[in-house]
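What follows is each chain in one-letter form.
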Amino acid sequence: MPPKSDSVEGIVLGFVNEQNRPLNSQNVADALQKFNLKKTAVQKALDALADSGQISFKEYGKQKVYIAQQDQFDIPNGEELEEMKKANAKLQEELADQKKAISEVESEVRGLQSNLTLAEIKSKETKLQSEVQEMEEKLDKLRSGVILVKPEDKKIIEDSFAEKVNQWKRRKRMFKELWDTITENSPKDQKEFKEELGLEYDEDVGVNLQSYTDMLASLNKRRKISR
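Definitions and cut-offs
Residues numbered from 1 in each chain as written. Predicted model: local features only at pLDDT ≥ 70, side-chain atom pairs only at ≥ 80, totals over all residues. Heavy atoms only, no water. Helix = DSSP H or I, 4+ residues; strand = E, 2+ residues; numbered from the N terminus. Expected span 1.5 Å × (residues − 1). Buried < 20%, exposed > 50% of the residue type's maximum accessible area, 1.4 Å probe, protein only. Core = buried A, V, L, I, M, F, W, Y, C linked by side-chain atoms within 4.5 Å. Contact = heavy atoms within 4.5 Å. UniProt positions renumbered as here; feature names shortened; annotations may be inferred. Polar contact = N/O pair within 3.5 Å; in protein donor to acceptor, adjacent residues only side chain to side chain. Patch = residues over 30% accessible without salt bridge, like charges linked within 9 Å, V, L, I, M, F, W, Y side chains within 5 Å. Areas by Shrake-Rupley, 256 points an atom, 1.4 Å probe, with all protein chains shown as cover. Salt bridge = Lys/Arg side-chain N within 4 Å of Asp/Glu carboxyl O. Lys, Arg positive; Asp, Glu negative; His and termini not counted. Charge placed at Lys NZ, Arg CZ, Asp CG, Glu CD.

Enquirer: I'm lost on helix H6 (residues 151–183) in this one. Help?
Expert: Think of an α-helix as turning once every 3.6 residues; residues three or four places apart then point the same way. The end-to-end C-alpha distance of H6, which contains 33 residues, comes to 48 Å, matching closely the 48 Å that a straight helix rising 1.5 Å per residue would cover. Within H6 the residues assigned to the buried category are Glu158, Ala162, Val165, Trp179 and Thr183.

Here is the structure:
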């Protein structure tokens, strides 16, 4: 007599028949954790079902492998198998078509989500119009010859810039003279010696004195013209 479906043996038997493949007690216990069944209870149920002939088993060393009784299943003949293969192939085609349709819909949804709503468009338009107005006001001031920076402030900034560039040039020249003197007769590789001392050149930190020198030359040229 088959066990009740809600008993431990009934749950285990239902799972073994459903899987219809070789299983050990650990496989079954892991799969039936949702029923709060311990491995010992599962093992006991498997052995009881095997003893009653409701499932079969084989021993491999110390391990038992259980499988459902095959005489309970309707085994299809060659013609039925062929029909099943055809049906399966058709279902696979339908599944592929469905996946393609889903992909197209998802792509369309993503495209729609990336578009702005009417309210968002109006808000962005208002913001852009405000920015354009601000820029036009600044442009009008420049066109009208309004001096945005006082001449005395401009001179202070330019003098400070010239002083910093000239100091940079002097210090760079002093360092080169000192470095050439130190390394002239040194057997060490200059690059390794530089890394050992932790020295960094302008190029190592992404700056170029020449670009600032050119700016200073352009500044001096403008000053001469304006005099």
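Enquirer: What should I look at first to understand the nonpolar core in this one?
Expert: Soluble globular proteins: nonpolar side chains tend toward being buried together. Val12, Val16, Val28, Leu32, Val42, Leu46 and Ile55 are the most contacted members of the largest nonpolar core, which has 18 residues in total. Contributions of two or more residues to this core are made by helix H1 (8–19), helix H2 (25–31), helix H3 (39–51) and strand E2 (63–68). Leucine 32 has contacts with Ile11, Val12, Phe15 and Leu37, leaving out every residue within four places of it along the chain. Core analysis: the next-biggest nonpolar cluster, separate from the first, contains five residues, Ala162, Leu209, Leu216 and Leu219 among them.

Enquirer: In this structure, what is going on with the UniProt feature "domain: Leucine zipper with capping helix" (unreviewed entry) in the protein chain? I would like to understand it.
Expert: UniProt marks residues 149–206 with the feature "domain: Leucine zipper with capping helix" (unreviewed entry), using the numbering shown here. This span, residues 149–206, is 71% helix and 0% strand, and a straight line between its end C-alpha atoms measures 30 Å.

Enquirer: Before we go on, may I ask you to explain the environment of serine 52 in this structure?
Expert: The topology assignment puts serine 52 in the loop between H3 and strand E1 (55–60). Sequence separation between serine 52 and glutamate 203 is 151 residues; the distance between their C-alpha atoms is 86 Å. In terms of polar contacts, serine 52 uses its side chain to reach the side chain of glutamine 54, at 2.9 Å.

Enquirer: Which parts of the structure should I look at to understand a negative patch on the surface?
Expert: A contiguous patch of negative charge on the surface is contributed by Asp74, Glu79, Glu80, Glu82 and Glu83. One can find aspartate 74 in the loop between E2 and helix H4 (78–114). Residue aspartate 74 is classed as exposed on the basis of its relative accessible area, which comes to 78%.

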